[in-house]
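This is what each chain is made of:
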Amino acid sequence: MSHETNRPTRAWWPLFGILAVVLGHTATWMVQFVLTMDESEAGGQVMFDAYNTDGTQLLFRASVGMGMLGVAALVVFGAGFRRMLEQRLPATSILPAVAGNAVIATAGALLVAFVFRAMVFDTISEYGVGTQVTTYSLSQNVPLAAWVGVAVAEAVAAIAAFRYGAFGKGFGWFSAVLAGLTLAVTLTGTPFPGNVATGIWL
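Basis of the calculations
- Residues numbered from 1 in each chain as written.
- Predicted model: local features only at pLDDT ≥ 70, side-chain atom pairs only at ≥ 80, totals over all residues.
- Heavy atoms only, no water.
- Core = buried A, V, L, I, M, F, W, Y, C linked by side-chain atoms within 4.5 Å.
- Buried < 20%, exposed > 50% of the residue type's maximum accessible area, 1.4 Å probe, protein only.
- Helix = DSSP H or I, 4+ residues; strand = E, 2+ residues; numbered from the N terminus.
- Contact = heavy atoms within 4.5 Å.
- Expected span 1.5 Å × (residues − 1).
- Axes fitted to C-alpha atoms, helices over the stretch in contact; angles between N-to-C directions.
- Parallel < 35°, antiparallel > 145°, perpendicular 65-115°, else oblique.
- Nonpolar A, V, L, I, M, F, W, Y, C, P; charged D, E, K, R; others polar.
- 1 Å grid on protein atoms, 1.4 Å probe; cavity = no way out; pocket = protein on both sides within 12 Å on 5 of 7 lines; lining within 4 Å.
- Points joined across faces, edges and corners; volume = space filled by probe spheres on them.
- pLDDT = per-residue confidence, 0-100.
- Left-handed = near helix turned anticlockwise from the far one by under 90°.

**Student:** Before we go on, may I ask you to explain the nonpolar core in this structure?
**Tutor:** The nonpolar side chains of a soluble globular protein tend to be buried, and buried together. Of all hydrophobic cores here, the largest spans 31 residues; its most connected members are Leu74, Phe81, Leu85, Phe167 and Trp201. Going through the elements one at a time, helix 1 (14-29), helix 4 (54-88), helix 5 (95-122), helix 7 (150-164) and helix 9 (194-201) are the ones with two or more residues in this core. It is helix 4 that contributes the most residues to this core, seven residues altogether. Contact partners of Phe167, with chain neighbours within four places excluded, come to Phe81, Met84, Leu85, Arg88, Ala157, Ala160 and Ala161.

What follows is the structure, given as structure tokens:
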């Protein structure tokens, strides 16, 4: 008896977009409020002493692990989203490559961001307070800004919806609005809130 091999199957890769948000965004934000505003503004030794605790180290290391898993999930989502666009758009269109590369670039930026976060406590006995505080700041700010690359995929989704009918118009407007919001905050030199819009889209 022959087996059917061409039966339609339910796409599973969108679940990795949800997983990227659950893991990646949680990891991005879970250490953002370790310090009070006064401690952050004081900088130097005051700031270093405030975050150099066992509890903060445990929180940071947990966020690094979650963040790395979120990066892996984002890579899978990017590959699936590119494949779907290739199936729905003309073979000559570069939009699938643009969207896929944008998601991969975001994953790469997040990978670097979480490496900075891992360095906060892995190098704490090797460098001076000034370097440590700088690394801490990078570990907090780079993850927030790294997500804005997904806005390119949002823009691609909007174009694909309106020009080629690859998605419904509702999703096209949804993607266009979120891409516009991310672009607006990026052009003002404050890309950090852009991660919220990309999280909603994913």
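**Student:** Sorry, what's going on with helix 7 here?
**Tutor:** Since the α-helix packs 3.6 residues into each turn, any two residues three or four apart lie on the same face. Its 15 residues place the ends of helix 7 21 Å apart at the C-alpha level, agreeing with the 21 Å of an ideal helix rising 1.5 Å per residue. If you check which residues of helix 7 are buried, you get Val150, Ala151, Ala153, Glu154, Val156, Ala157, Ala158, Ala160 and Ala161. Buried residues along helix 7 sit in contact with helix 4, helix 5, helix 8 (169-187) and helix 9.

**Student:** Just to check I follow, could you spell out helix 1 for this structure?
**Tutor:** Under the 1.5 Å per step criterion, the end-to-end length of helix 1 is 22 Å for 16 residues, consistent within 8% with the ideal 22 Å. By the burial criterion, the buried members of helix 1 are Gly17, Ala20, Leu23, Gly24, His25, Ala27 and Thr28. Close packing links the buried residues of helix 1 with helix 4, helix 5, helix 6 (129-146) and helix 9.

**Student:** Explain the side chain of Thr28 here, please?
**Tutor:** Mapping Thr28 onto the fold places it in helix 1. Among all residues touching Thr28, those that are not within four sequence positions of it are Phe114, Arg117, Pro143, Leu144 and Trp147.

**Student:** Sorry, what's going on with the packing of helix 4 against helix 5 here?
**Tutor:** When two helices pack together, their arrangement is given by the angle between the helix axes and by the axis-to-axis distance. In the contact formed by helix 4 and helix 5, the axes pass within 9 Å of each other and the chain directions differ by 170°. One way to sum up the angle between helix 4 and helix 5 is to call them roughly antiparallel. Of the residues contributing to the contact of helix 4 with helix 5, the split by class is 23 nonpolar, eight polar and five charged.

**Student:** Is there a simple way to explain the side chain of Gln140 in this structure?
**Tutor:** Turning to its location among the elements, Gln140 is positioned in helix 6. What makes Gln140 buried here is its relative accessible area of 6%. Excluding residues that lie within four positions of it along the chain, Gln140 makes contacts with Val31, Gln32, Phe60 and Arg117.

**Student:** What is the right way to look at the layout of surface pockets in this model?
**Tutor:** The method is simple in principle: a probe with the dimensions of a water molecule rolls over the atoms, and the space it marks as empty is what remains. Roughly 250 Å³ of volume is contained in the largest pocket. Along its surface, the largest pocket is lined by Gln32, Val34, Leu35, Thr36, Met37, Ser40, Glu41, Met47, Tyr136, Ser137, Gln140 and Asn141. Its residues assigned to classes, the lining of the largest pocket comprises five nonpolar, six polar and one charged.

**Student:** Hey, could you run me through the confidence of the model for the protein chain in this one?
**Tutor:** Do not read the fine detail of predicted coordinates wherever pLDDT is low. For the protein chain, per-residue confidence averages 87 on the pLDDT scale, and residues scoring 70 or more make up 94% of the total. When pLDDT is averaged over each element of the protein chain, helix 7 comes out on top at 95 and helix 2 (residues 37-42) at the bottom at 76. Confidence drops under pLDDT 50 across residues 1-8; counting only partners more than four residues distant or on other chains, this segment forms zero contacts.

**Student:** I keep staring at the packing of helix 5 against helix 6 and nothing clicks. Help me out?
**Tutor:** The geometry of helix 5 relative to helix 6 is characterised by a closest axis approach of 8 Å and an angle of 155° between their N-to-C directions. Classified by the interaxial angle, the pair formed by helix 5 and helix 6 is roughly antiparallel. Both helix 5 and helix 6 take part in a crossing whose hand is left-handed. Within the contact between the two elements, helix 5 uses Thr106, Ala109, Leu110, Ala113, Phe116, Arg117, Met119 and Val120 and helix 6 uses Gln132, Thr135, Tyr136, Leu138, Ser139, Gln140, Val142, Pro143 and Ala146. Broken down by class, the residue content of the contact of helix 5 with helix 6 amounts to eleven nonpolar, five polar and one charged.

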